[in-house]
Amino acid sequence: MKLVKLAVIASVVVLTGCASSGNSSKNYSSSNGQQKDVWERIRKGLKMPDLQDDRVEYWTNYYAARPASVQIMAQRSSKYIHYITQELERRNMPTELALLPFVESAYNAKAVSSAKAAGLWQFIPSTGTHYNLTQDWWKDERRDPVQSTHAALNYLSYLHGFQDNDWHLALASYNWGEGAVKRARDRNANTGLGTDYLSLRMPKETRDYVPKLQAFENIIRNPARYGIKLPHVADQPYFEKVSNTHDIDLDVAARLAEISVEEFRELNPSFQRNVLLDEHASQILLPKHKVTAFKRNLKNYQGELSAWEGYTPAPGESLASIADKYGISLDKLKSLNGYGPKQSVALSSRTLMVPRNSGAPAGITPNDIMAPAINTAAPAMLASNDNVARASATSPARVSAPAPSPALNNRPVMASASAVSVDPLADIIYSRSNNAGLTAGVRAVPVAASSTAVSAAASRSAVYKRPAVEVAVKATAKPAVRTASLTKPAPKADAKKKVSVHKVAKGDTLYSLAKRYNTSVQDLKALNNMSNTALKPGVSLRIPGAGSRG
């Protein structure tokens with residue numbers, strides 16, 4: 001009996017030793033219960049194998065040398081990252097993926113790239129449509145923190161299975177397109193080479209994509225090691241969904257919730273107009289601790305909730321008759337609803353915004369009732385999304401934003417009534433391929449980091465050895481652009497890529513044309529005053545200005 005007891009004890013000791021001798025840098029169990037903060041929750045759900053590559057060291061040192069920018073992004077993530085982490089746990093997916101918006105959009109839900117990719121996860125219009133994200137005059141769910149997260153996790157889950165359950169290849173596919181990654185794997189397999197992430201030939205932006213995510217993971221896992229103090233983000237939901245059953249102006253909703261209009265927009269960036277209509281059955285996101293106040297204030301509110309209402313035109317109804325009905329000028333009605341000067345018939349498929357009472361409020365202008373334009377010049381942020389538009393052989397390629405990133409030399413200027421200031425993340429610059437959606441004549445180059453470690457890492461690779469550039473920022477209302485002179489004149493490609501008319505060929509559909517020209521079916525229908533989706537070969541379609549994709 002003693003021998004049996006000793007054998008049992010020895011077995012327990014051996015098993016304990018085996019468990020403790022594994023990869024100590026990863027915890028393969030999901031977090032259980034509330035943690036001290038969301039960062040600890042993420043650490044407890046890490047599941048991906050570490051990527052061992054010089055690029056990981058370079059990018060880790062690079063970001064570590066810019067602690068203020070990392071802190072800004074981490075603070076910006078505080079409204080969304082708990083929700084994303086919970087969704088990942090619910091799906092049994094690695095919590096590292098909650099860090100992907102750092103790479104994609106610098107956790108800016110309003111980010112829009114030059115390729116029209118939008119939101120935290122940077123969906124282009126066609127892929128957003130493929131994943132059922134509404135994109136119309138009133139709403140763009142690619143910017144919705146909840147809906148876009150569901151779509152992104154669905155897509156990442158699909159890519160994981162498509163690439164033989166390899167997360168590194170799934171992420172490469174998210175950046176480059178699953179068809180492109182599969183073809184690269186097949187080429188290597190046919191020549192006896194490895195088919196893992198590091199063995200494949202791929203564009204530089206995709207080669208850097210997973211190392212950048214790994215770099216953020218390294219920092220989040222042990223911020224003190226890199227001299228970074230992360231902001232406290234409580235391990236609890238930041239926002240709550242509230243059903244909207246009224247026509248209500250955004251500024252009124254913000255006041256009733258006792259928050260600023262800016263915070264309301266940060267939580268609800270998908271709304272494209274300054275009024276929410278009851279008929280759209282919208283849900284709004286509010287800070288959890290403000291929901292009770294919002295409901296109480298809404299119940300007791302005695303004033304007008306909105307100066308505007310929706311009107312659904314009858315088929316063939318003229319814009320002039322609608323303007324007359326609501327007591328505003330035809331030009332004002334068109335400008336409020338995005339119609340061109342030559343359009344005379346309203347689209348029956350799209351609700352118009354009209355004054356609730358006869359006549360528009362005194363002094364009203366389109367800017368007063370339209371959501372502020374999202375900066376389409378890519379904001380310079382500490383993230384990288386260096387995707388090149390690629391069509392997948394198996395499904396619509398998701399093209400992530402070639403924009404919101406420190407790599408971009410596009411430096412946005414935020415103008416206010418009293419001052420002009422520069423985005424605090426605009427000095428974060430890193431190398432990036434110049435074929436990823438940058439404006440012609442603009443190319444990003446890395447600025448030498450102040451950290452000795454970064455300088456050493458940069459010197460090891462010719463890829464990162466490029467000169468720093470001087471920056472000229474003009475204090476204008478338009479985003480200033482940070483440019484670097486090229487050794488060769490940049491080709492003036494933008495003008496050639498602008499497409500105004502497309503002659504419909506046999507087999508063309510609105511969906512295929514929207515994908516080809518980086519636009520949406522809704523925009524094509526609106527621009528061409530179409531009420532259905534049927535196309536006749538030989539007809540000329542007007543195309544919103546955008547570069548075509550091959």
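These numbers were taken from a predicted model, which means no experiment stands behind them.

Side note on the confidence of the model for the protein chain
In this model, the protein chain carries a mean pLDDT of 74, and residues with pLDDT of at least 70 account for 67%. The model gives residues 426–499 a pLDDT under 50, and that stretch makes 168 contacts with residues more than four places away or in other chains. Across residues 546–550, where pLDDT falls below 50, the model places 24 contacts with residues more than four positions away in sequence or in other chains.

So, the nonpolar core
Note on soluble globular proteins: their nonpolar side chains tend to be buried together. Grouped together as the largest cluster of nonpolar side chains are 64 residues, with contacts concentrated most on Trp39, Ile81, Leu100, Trp121, Leu156, Leu171 and Tyr174. Here isoleucine 81 is in contact with Val38, Trp39, Ile42, Ala98, Leu99, Phe102, Tyr107 and Val233, once residues within four sequence places are set aside. By size, the runner-up hydrophobic cluster in this structure holds 20 residues, among which are Trp137, Trp138, Leu277 and Ala323.

A short note on the pattern of salt bridges
Opposite charge on two side chains makes pairing possible when the charged atoms of those side chains draw close. Summed over all chains, the structure comprises 21 salt bridges. We note a salt bridge from arginine 55 to aspartate 53, for which the minimum N-O separation is 3.5 Å. The exposure class assigned to aspartate 53 is partly exposed, which follows from its relative accessible area of 22%. Taking the shortest distance from any N to any O, the salt bridge between aspartate 164 and arginine 185 comes out at 3.1 Å. In this pair, aspartate 164 is assigned in the loop between helix 8 (145–162) and helix 9 (167–176) and arginine 185 in helix 10 (residues 178–190), connecting sequence segments 21 residues apart. Its relative accessible area of 55% is what places aspartate 164 among the exposed residues. Given a relative accessible area of 14%, arginine 185 falls into the buried group. Three or more residues are tied together by salt bridges with common partners; here these are Asp53, Arg55, Lys204 and Asp208.

As for helix 9
Most of helix 9 sits out of view: 10 of its 10 residues are buried. Burial in helix 9 covers these residues: Trp167, His168, Leu169, Ala170, Leu171, Ala172, Ser173, Tyr174, Asn175 and Trp176. The inward-facing, buried residues of helix 9 abut helix 6 (100–105), helix 8, helix 10 and helix 11 (204–221). Residue aspartate 166 occupies the N-cap position of helix 9, its side-chain oxygen lying 2.9 Å from the main-chain nitrogen of histidine 168. Trailing helix 9 by a residue or two, glycine 177 shows a phi angle of about 110°, which is positive.

What counts and how
Residues numbered from 1 in each chain as written. Predicted model: local features only at pLDDT ≥ 70, side-chain atom pairs only at ≥ 80, totals over all residues. Heavy atoms only, no water. pLDDT = per-residue confidence, 0-100. Contact = heavy atoms within 4.5 Å. Core = buried A, V, L, I, M, F, W, Y, C linked by side-chain atoms within 4.5 Å. Buried < 20%, exposed > 50% of the residue type's maximum accessible area, 1.4 Å probe, protein only. Salt bridge = Lys/Arg side-chain N within 4 Å of Asp/Glu carboxyl O. Helix = DSSP H or I, 4+ residues; strand = E, 2+ residues; numbered from the N terminus. Polar contact = N/O pair within 3.5 Å; in protein donor to acceptor, adjacent residues only side chain to side chain.

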